[in-house]
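Residue strings, one per chain:
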Amino acid sequence: QEAFANQEHLAAVRYLFRACLLRLELANKRRIRRGATNREYLRRYRGTPAFEPLSRFVEVIDTKWYGGGSCLLEDYQDCAQAHSTVCRFAQKVTNAHGP
């Protein structure tokens, strides 16, 4: 939220991506490998409802961070929506595991 408030859209996108990974880690009760690349994280969730929203993050980070592009407000908004989708999915997984 702080990065977004400072109009640091790319940093905000990267923080949201990390938040997604942490939510999924907690929901699945499995640690994620810290040294993995974004594409490795994405492959881990292939075939799950988290894949599509995570792919949006990877696309933005690859083209804007590594590719040197400008991260626009629209990119952040798309990723914020993707984050919400991952949160809903993670909640369903958590509920399926029980208390």
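Conventions used here
Residues numbered from 1 in each chain as written. Predicted model: local features only at pLDDT ≥ 70, side-chain atom pairs only at ≥ 80, totals over all residues. Heavy atoms only, no water. Helix = DSSP H or I, 4+ residues; strand = E, 2+ residues; numbered from the N terminus. Rg over C-alpha atoms; globule rule 2.2 N^0.38 Å. Buried < 20%, exposed > 50% of the residue type's maximum accessible area, 1.4 Å probe, protein only. Contact = heavy atoms within 4.5 Å. Areas by Shrake-Rupley, 256 points an atom, 1.4 Å probe, with all protein chains shown as cover. Lys, Arg positive; Asp, Glu negative; His and termini not counted. Charge placed at Lys NZ, Arg CZ, Asp CG, Glu CD. Core = buried A, V, L, I, M, F, W, Y, C linked by side-chain atoms within 4.5 Å. Expected span 1.5 Å × (residues − 1). Salt bridge = Lys/Arg side-chain N within 4 Å of Asp/Glu carboxyl O.

Asker: Even after reading the chapter, I still don't get the overall build of the protein chain, so can you show me in this structure?
Answerer: When helices and strands are counted, the protein chain shows 5 helices and 0 strands. Reading the protein chain from its N end, one meets helices and strands in the order α-α-α-α-α. The C-alpha radius of gyration computed for the protein chain amounts to 13 Å, which stays within 12% of the reference 13 Å derived for 99 residues, consistent with globular compactness. C-alpha extents for the protein chain along the principal axes are approximately 40 × 25 × 20 Å. Every one of the 99 residues in the protein chain was classed for burial, and the buried ones make up 39%. The contacts of the protein chain with a sequence gap of at least 6 include a subset with a gap of at least 24, amounting to 56%. As presented, the protein chain carries roughly 6,300 Å² of accessible surface, and 51% of it is formed by carbon and sulfur atoms. If the 16 positive side-chain charges of the protein chain are averaged to one point and the 10 negative ones to another, these points end up 11 Å apart.

Asker: Even after reading the chapter, I still don't get the nonpolar core, so can you show me in this structure?
Answerer: Burial of nonpolar side chains together is a common tendency in soluble globular proteins. Counting 29 residues, the largest nonpolar core has Val 13, Phe 17, Leu 24, Leu 54 and Phe 57 as the members making the most contacts within it. Among the secondary structure elements, those contributing two or more residues to this core are α2 (9-28), α3 (38-44), α4 (51-66) and α5 (73-97). The leading source of residues in this core is α2, at 9 residues. For Phe 17, the contacting residues outside a window of four places in its chain are Asn 38, Tyr 41, Leu 54, Phe 57, Val 58 and Ile 61.

Asker: Would you mind showing me how to read α2 here?
Answerer: For an α-helix, 3.6 residues make a turn, and residues three or four places apart therefore share a direction. In a regular helix each residue adds 1.5 Å, so 20 residues correspond to 28 Å; α2 covers 28 Å between its end C-alpha atoms and thus fits that length. Taken as a whole, α2 has its buried residues at His 9, Leu 10, Ala 12, Val 13, Leu 16, Phe 17, Cys 20, Leu 21, Leu 24, Glu 25 and Ala 27. Just beyond α2, the residue with positive phi is Lys 29, at close to 55°.

Asker: Could you clarify how one ought to interpret the pattern of salt bridges in this entry?
Answerer: Pairing between side chains of opposite charge can happen when their charged atoms approach one another. Applying the stated criterion across every chain, the model contains 5 salt bridges. Residues Arg 56 and Glu 59 are paired through a salt bridge, measuring 3.2 Å at the closest nitrogen-oxygen approach. With Arg 56 and Glu 59 both in helix α4 and 3 residues apart, the pair spans about one turn of that helix. The shortest N-O distance in the salt bridge between Lys 64 and Asp 75 comes to 3.3 Å. Here the residue Lys 64 occupies a position in helix α4, and Asp 75 occupies one in helix α5, the gap between them amounting to 11 residues. Residue Asp 75 is classed as buried on the basis of its relative accessible area, which comes to 9%. In the salt-bridge network here, residues are joined through shared partners; they are Arg 56, Glu 59, Lys 64, Asp 75 and Asp 78.

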